[in-house]
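Listed here are the chains, written in short residue letters.
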Amino acid sequence: MVAMGEPDYPAWLRHVDGGPPVLTVRGDAACLARPMVAIVGSRNASIAGRKFAMQLAASLGGHGYVVASGLARGIDAAAHEASISTGTVAVLAGGLDRIYPAENAGLAERILSGGAHLTEMPMGWEPRARDFPRRNRIVAGLAVGVIIVEAANRSGSLITARLAAEQGRLVFAVPGSPLDPRAAGTNRLIKDGAEIVTAVEDVIAALEPMLGRESPPQGAYEPEPSDDLGPPDTADDDRAKIVEALGPTPVALDEIIRFTGLRPAIVHLVLLELALAGRTERHPGGRVSLVS
């Protein structure tokens, strides 16, 4: 058991409003001190979606990131499977002794070889429907950024995306065919300002500045002290500067960054928060305006 404020408590989760006061962890707790990226998506995932999730997870692991997900069917399971050798964290909606779904019990056991299970629920707790959004807030809170691979319009993965934006994390989305309902949610996230992902380099390039370091050689990452990790500061003053820079006339992202003098990562985060709140509108050429 790890309490908030103790050294083993995940660094980025400390900064989440309403973060769990106590976590129960099984496995290698050392992986909780390394920067994480969450990969989530549809339970009814396509073959292509699962393959791409595995490619992302394996590549991120090679760059020193731990992959966090929710141990669900589909995209979650694919992401865990591909990152077992480099470290992965499964966040459970129930107690540590109540693996759900049961079909992933074997995968859950393999995760423990170099990763961990984590939950805020007591032993013996059977997960209920309302426990899964609570789990999703932890998945988002653990991570530097969250990647949505496939998600329908009413997918629980979109809840994770919303929570991630509220927590000041970067949100990434993998585009999909407009004919596939499993891509409707991810395509909408991109319209709303999520970072588009077509290769792992898209994720690495966006995250490394947030951690204050350049991309390390593959497999060569040495974890920084956990106290040095934390989400970028998105103060109310920063939000006010960005809203002031916007108006009914569409403006380019580069112009917003120059006008406000803020870090690109902060501008991206605030614009995504505003988009998810329905306050902004996207236009061709990557321009954005306030909704009249």
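Here the structure is a predicted model, which is why all the values come from computation and not from measurement.

1. A word on the sheet that holds strand E1 (residues 2-3)
Thinking step 1. Sheet architecture is open: 9 strands sit in the order E1-E2-E6-E5-E4-E3-E7-E8-E9, paired in mixed fashion. Each end of this open sheet is capped by a strand with a single partner; those strands are E1 and strand E9 (195-196).
Thinking step 2. Relative to strand E4 (residues 66-69), strand E3 (residues 36-40) is paired through 3 bridges, and the arrangement is parallel. Residue Met36 lies in a different strand from E4, and its bridge partner there is Val66.
Thinking step 3. Each of E3, strand E7 (145-148), strand E8 (170-173) and E9 is contacted by helix H7 (residues 200-207), which is oriented at about 170 degrees to E8, the strand it contacts most.

2. Points about the packing of helix H8 (residues 236-245) against helix H9 (residues 253-260)
Thinking step 1. For the pair H8 and H9, interaxial distance at closest approach is 10 Å and the crossing angle is 125 degrees. Relative to H9, H8 is oriented oblique. Crossing angle aside, the handedness with which H8 passes H9 is right-handed. Contacts between H8 and H9 involve Lys241, Ile242 and Ala245 on the former and, on the latter, Ile256, Phe259 and Thr260.

3. Section: the pattern of salt bridges
Thinking step 1. Summed over all chains, the structure comprises 11 salt bridges.
Thinking step 2. Note that Glu109 and Arg26 form a salt bridge whose closest N and O atoms lie 3.6 Å from each other. Of this pair, Glu109 sits in helix H3 (residues 105-111) while Arg26 sits in strand E2 (residues 22-27), placing them 83 residues apart in sequence.
Thinking step 3. Between Arg162 and Glu166 there is a salt bridge, with its nearest N and O atoms 3.1 Å apart. Taken together, the residues span about one helical turn, with Arg162 and Glu166 both in helix H5 (residues 156-166) at a distance of 4 residues.

4. Observations concerning the confidence of the model for the protein chain
Thinking step 1. This prediction gives the protein chain a mean pLDDT of 87; 91% of its residues lie at or above 70.
Thinking step 2. In this model, residues 214-229 is a region of pLDDT below 50 whose contacts with residues beyond four sequence positions or in other chains number 31 contacts.

So, how was this worked out
Residues numbered from 1 in each chain as written. Predicted model: local features only at pLDDT ≥ 70, side-chain atom pairs only at ≥ 80, totals over all residues. Heavy atoms only, no water. Pairing = 2+ DSSP bridges. Helix = DSSP H or I, 4+ residues; strand = E, 2+ residues; numbered from the N terminus. Contact = heavy atoms within 4.5 Å. Axes fitted to C-alpha atoms, helices over the stretch in contact; angles between N-to-C directions. Parallel < 35°, antiparallel > 145°, perpendicular 65-115°, else oblique. Left-handed = near helix turned anticlockwise from the far one by under 90°. Salt bridge = Lys/Arg side-chain N within 4 Å of Asp/Glu carboxyl O. pLDDT = per-residue confidence, 0-100.

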